[in-house]
Amino acid sequence: SGGYAKQALWHFPFLKDGRTLGWAEAMALFTDRTGRPGPATWEVGDYPAGQDQYPVTGISWYEAAAFAQFAGKQLPTIFHWDLVADLLASGAIIPLSNYGDGPQSVDTLRAISRFGAVGMAGNAREWTYNESNRRGEHFILGGGWNDEVYSFNDAYTQNGFDRSATNGFRCMRPVEELAVAETLRRRIDLPFRDYASETPVPDAVFRQFLRPFDYDTTPLNARVESVDDKASDDW
């Protein structure tokens, strides 16, 4: 619908490689396989044939946020997403989800949360509103078809410009604007410890750290049980 040409839909500064891009400069990066405006997985400004029920993937966080604005909706915060995804029921949801060889049509997905949300595990990763303390990165949850199943229960971030083929999104429309809305949209600081700046412990302390790894230096009593000198598929 021409959203890539409507600057009013793009409300957030474009942070890339430590600098802020201009709007036109950013739009030049949001093109499909044929160089037209659109998701990275599209061609000639349209989705591949037969994929009208597939999730839209290959988009950046900025494109997801702009579409939400266009649709009169919002990107969910990680708190909204976590609640509706029903992570406590992951044992029942994950086996029915698409962690496989490629994306699937959303009308074939069977995993549903107790809030009625379908396909939040696997198939496509889903951008959320919150940024992290890693400059330019935002949370993208649920995991995609090419991720491990534990990605549903974990929290990952990616650069807002990342347009991997499994990066998608879903929108939400709040019933009312809560007093805590800004708190829910806050930056989420990820724990990080820079070991390069740590002061090494004294040798005496380090020797104590090593003690749990000590073992009795007795004979190993090793013996050869079999030998395979023939060519094997295993080596």
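Now for a look at the structure at hand.

Conventions adopted
Residues numbered from 1 in each chain as written. Predicted model: local features only at pLDDT ≥ 70, side-chain atom pairs only at ≥ 80, totals over all residues. Heavy atoms only, no water. 1 Å grid on protein atoms, 1.4 Å probe; cavity = no way out; pocket = protein on both sides within 12 Å on 5 of 7 lines; lining within 4 Å. Points joined across faces, edges and corners; volume = space filled by probe spheres on them. Helix = DSSP H or I, 4+ residues; strand = E, 2+ residues; numbered from the N terminus. Nonpolar A, V, L, I, M, F, W, Y, C, P; charged D, E, K, R; others polar. Pairing = 2+ DSSP bridges. Axes fitted to C-alpha atoms, helices over the stretch in contact; angles between N-to-C directions. Core = buried A, V, L, I, M, F, W, Y, C linked by side-chain atoms within 4.5 Å. Buried < 20%, exposed > 50% of the residue type's maximum accessible area, 1.4 Å probe, protein only. Contact = heavy atoms within 4.5 Å. Arc of directions from axis to C-beta. Salt bridge = Lys/Arg side-chain N within 4 Å of Asp/Glu carboxyl O.

Observations regarding the layout of surface pockets
- For the largest pocket, the calculated volume is near 1,000 Å³.
- For the largest pocket, the lining is made up of 42 residues, of which Trp42, Pro55, Val56, Thr57 and Phe169 are closest to its centre.
- Considering every element that reaches the lining of the largest pocket, the biggest residue donor is helix H2 (residues 61-70), with five residues.
- Looking at the lining of the largest pocket residue by residue, the classes come out as 25 nonpolar, twelve polar and five charged.

Focus: the sheet that holds strand S3 (residues 125-131)
- Pairing within the open sheet is mixed, and its four strands lie in the order S5-S4-S3-S6. Single-partner strands in this sheet number two, and they are strand S5 (157-159) and strand S6 (167-169). Looking at each pair of strands side by side, their axes are set apart by 55° on average, direction ignored.
- Looking at chain direction, strand S4 (residues 137-141) and S5 are connected through three bridges and run antiparallel. Bridge assignment links Phe139 to a residue of S5, and that residue is Thr157.

Brief notes about the nonpolar core
- Counting 19 residues, the largest nonpolar core has Trp10, Phe14, Phe30, Tyr62 and Phe161 as its most contacted members.
- At the level of elements, strand S1 (14-16), helix H1 (23-27) and H2 are the ones that each hand at least two residues to this core.
- Considering each element in turn, this core owes the most residues, six residues, to H2.
- Among residues more than four places away in sequence, those in contact with Phe30 are Tyr4, Trp10, Phe14, Arg36, Pro37, Gly38, Ser60, Tyr62, Glu63, Phe161 and Arg163.
- Counting 15 residues, the second largest nonpolar core, distinct from the first, contains Leu87, Tyr99, Ala111 and Phe139.

Re helix H3 (residues 78-85)
- Restricting attention to buried positions, one finds in H3 the residues Ile78, Trp81 and Ala85. One side of H3 holds all its buried residues, which, seen down the axis, span an arc of 65°.
- Of the surrounding elements, those touching the buried residues of H3 are helix H4 (90-93), S3 and S4.
- Positive backbone phi, approximately 65°, marks Asp86, located one or two places after H3.

Regarding the environment of Ala66
- Relative to the assigned elements, Ala66 resides in helix H2.
- Since its relative accessible area comes to 5%, Ala66 is described here as buried.
- With 56 residues separating them along the chain, Ala66 and Trp10 place their C-alpha atoms 5.2 Å apart.
- Apart from residues no more than four positions distant in its own chain, Ala66 is found in contact with Leu9 and Trp10.

A short note on the pattern of salt bridges
- Throughout the structure, instances matching the rule amount to twelve salt bridges.
- For Glu43, the salt bridge is made with Arg33, and the minimal N-O distance between the two is 3.6 Å. Of this pair, Glu43 sits in the loop between H1 and H2 while Arg33 is found in the loop between H1 and H2, placing the two residues ten residues apart along the sequence.
- According to the relative accessible area criterion, Arg33 is exposed, its value standing at 56%.
- The closest approach of N and O atoms between Glu198 and Arg193, which form a salt bridge, is 2.9 Å.
- Glu198 sits in the partly exposed class, given a relative accessible area of 36%.
- One network of salt bridges, with partners in common, ties together Glu177, Glu182 and Arg185.

Concerning empty space enclosed by the protein
- Scanning all chains against the criterion turns up one cavity of 30 Å³ or more.
- One number sums up the size of the largest cavity: a volume of about 30 Å³.
- The wall of the largest cavity is formed by Leu9, Trp10, His11, Phe12, Phe14, Tyr62, Ala65 and Ala66.
- Among the residues forming the lining of the largest cavity, the class breakdown is seven nonpolar, one polar and no charged.

These figures come from the coordinates and say nothing about function on their own.
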